[in-house]
Amino acid sequence: MAIKRRHADLPVVLTLNHLAHLCDVSPDFLQEVAHRKVDAYRVFRVKKRGVANKVPIPPRRYRTICVPEPRLMRVQRWIAQNILNVMPSHSASFAFIKDRDLVDAAERHVGAKWLIKMDVRHFFESIKEDAAYHIFRRFGYGALVSFQMARICSRLPQHKQSDPRYRLGRGENIPYRWHPMGHLPQGAPTSPMLANFASEALDTHLTELARQQKWTYTRYADDLAFYRTSKSSRSEAMHVVKSVEIALEMAGLVAHRQKTAIVPPGGRKVLLGVIVDTGRPRLSKAFRNNVETHLYALNHSLIGPERHRVRRKFSSIIGMRRHIFGLIAFAHQVDRNYAAGLFAQFNRVDWGTRPT
């Protein structure tokens, strides 16, 4: 059948009930999700790192995270592991791909004379459910089950859920073409790989665009990077930036201009949070100082977790703990020996102790 012709390791999924059986969840629950009768996500916001405001429009200061409820999480993980993880991704893409990681992406740019960094604004929200539908169809799945899996992997925009015309479970009599389109929710396990597949045409276009202008292109999720080892000029780099902005617009995406940076020869080249000037990627001194300061305060008898949480304005001990663990996990990708020492300090923290 079409699925196995596309890839021998792809699982056969014939209907939504078949998918429910494979994932060991209720078919009725999946029907409710696919028909937008429930919003099976826990939504919260996390602070984004600040960026210099060089334009009149202020940057969004929070990132919206949508965590699927356990049953939906199980289905999305099954789709991610058994379907999306099976198919090969574009060679220029490095995020959320087996045998590729952040360090692999950064290593491509080590020793570059010129570096261009760009960012896509609202990357996941810009990729709609119809893109997910076409991905599943491309993999050989039937039209109906592809539509249903696309619905399972997407979420209706918040403002549309409160619109009485489209309120969850009340839009059955409205023609489908008038229904609002869901988008990939940031926080769902399927979103990163679906975003990669949805961006394949863009990756191909930008790879060729860069090659024609003697640059090399890589993408790590919404972070685009172009490097050049030969001589160039700022005007040539600006021409690349303008060409990329046009390509993004054609793909339904928008460049985050506040995060666009052109780094010339001699400039400090930091990509994806790591330094790529020479040798292999390495952690910056600012990053090391930040994580080491956290661990020093957490283990200090006169400070401790609660007082440090208040000083650093974390909303909860759990949130602070997860944040610092994430920093150490990031360090582990770049420098395992250094991260081992951080993990040892992290494990010594008495999270229940409050200084007197």
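One can find the structure itself at the top, above this paragraph.
Residues numbered from 1 in each chain as written. Predicted model: local features only at pLDDT ≥ 70, side-chain atom pairs only at ≥ 80, totals over all residues. Heavy atoms only, no water.

### Some remarks on helix H14 (residues 317-334)
Next up, step 1: Here H14 contains 18 residues, and its C-alpha end-to-end distance of 26 Å stays within 8% of the 26 Å for a straight helix at 1.5 Å per residue.
Next up, step 2: The complete set of buried residues in H14 reads Met320, Ile324, Leu327, Ile328, Phe330, Ala331 and Val334. Angularly, the buried residues of H14 cover 155 degrees about the axis, an arc narrow enough to put them on a single face. What points out from H14, more than 90 degrees from its buried face, is the exposed set Ile318 and Arg322. (Helix = DSSP H or I, 4+ residues; strand = E, 2+ residues; numbered from the N terminus. Expected span 1.5 Å × (residues − 1). Buried < 20%, exposed > 50% of the residue type's maximum accessible area, 1.4 Å probe, protein only. Arc of directions from axis to C-beta.)

### Some words on the packing of aromatic side chains
Next up, step 1: Scanning the model with the defined rule gives eight aromatic pairs in all.
Next up, step 2: For the pair phenylalanine 325 and phenylalanine 346, a centre-to-centre distance of 5.7 Å together with 55 degrees between the ring planes defines the contact as tilted. Taken together, the positions of phenylalanine 325 in helix H14 and phenylalanine 346 in helix H15 (residues 336-347) put the pair 21 residues apart, joining distant regions of the chain.
Next up, step 3: Taken together, the ring pairs in this structure connect Phe325, Phe343, Phe346 and Trp351 into an aromatic cluster.
Next up, step 4: Directly above the aromatic system of phenylalanine 29 lies the positively charged group of arginine 71, at a separation of 3.9 Å from the ring centroid. (Phe/Tyr/Trp six-rings, centres within 6.5 Å; stacked < 30°, edge-to-face > 60°. Lys NZ or Arg CZ within 6 Å of the ring centre and 35° of its normal.)

### A closer look at the side chain of serine 191
Next up, step 1: Here serine 191 lies in helix H9 (residues 191-198).
Next up, step 2: Classification of serine 191 as buried rests on a relative accessible area of 1%.
Next up, step 3: Looking at serine 191, its side chain comes within polar contact range of the main-chain oxygen of proline 185, at 2.6 Å. (Polar contact = N/O pair within 3.5 Å; in protein donor to acceptor, adjacent residues only side chain to side chain.)

### Quick notes on the pairing of strand E5 (residues 223-228)
Next up, step 1: Of all six residues in E5, five are buried, a share of seventy percent or more.
Next up, step 2: Where strand E4 (residues 216-220) meets E5, five bridges bridge the pair, whose relative direction is antiparallel. Pairing of arginine 219 across the sheet is with leucine 224, part of E5.
Next up, step 3: Between E4 and E5, which pair antiparallel and follow one another directly, the connecting turn spans two residues, one of which, alanine 221, has a positive phi of 60 degrees. (Pairing = 2+ DSSP bridges.)

### Observations regarding the pattern of salt bridges
Next up, step 1: In total, this model carries 13 salt bridges according to the counting rule given.
Next up, step 2: Arginine 155 serves as the salt-bridge partner of aspartate 39, at 2.8 Å between the closest nitrogen and oxygen. Of this pair, aspartate 39 sits in the loop between helix H3 (27-34) and strand E1 (41-47) while arginine 155 sits in the loop between helix H7 (143-152) and helix H8 (158-161); the two residues are 116 residues apart in sequence, bridging distant segments of the chain.
Next up, step 3: Residue class for aspartate 39 comes out partly exposed when judged on its relative accessible area of 27%.
Next up, step 4: Put simply, lysine 242 and glutamate 245 hold a salt bridge, and the shortest N to O gap is 4.0 Å. Separated by three residues within a single helix, lysine 242 and glutamate 245 lie in helix H11 (residues 234-250), roughly one turn from each other.
Next up, step 5: According to the relative accessible area criterion, glutamate 245 is buried, its value standing at 13%. (Salt bridge = Lys/Arg side-chain N within 4 Å of Asp/Glu carboxyl O.)

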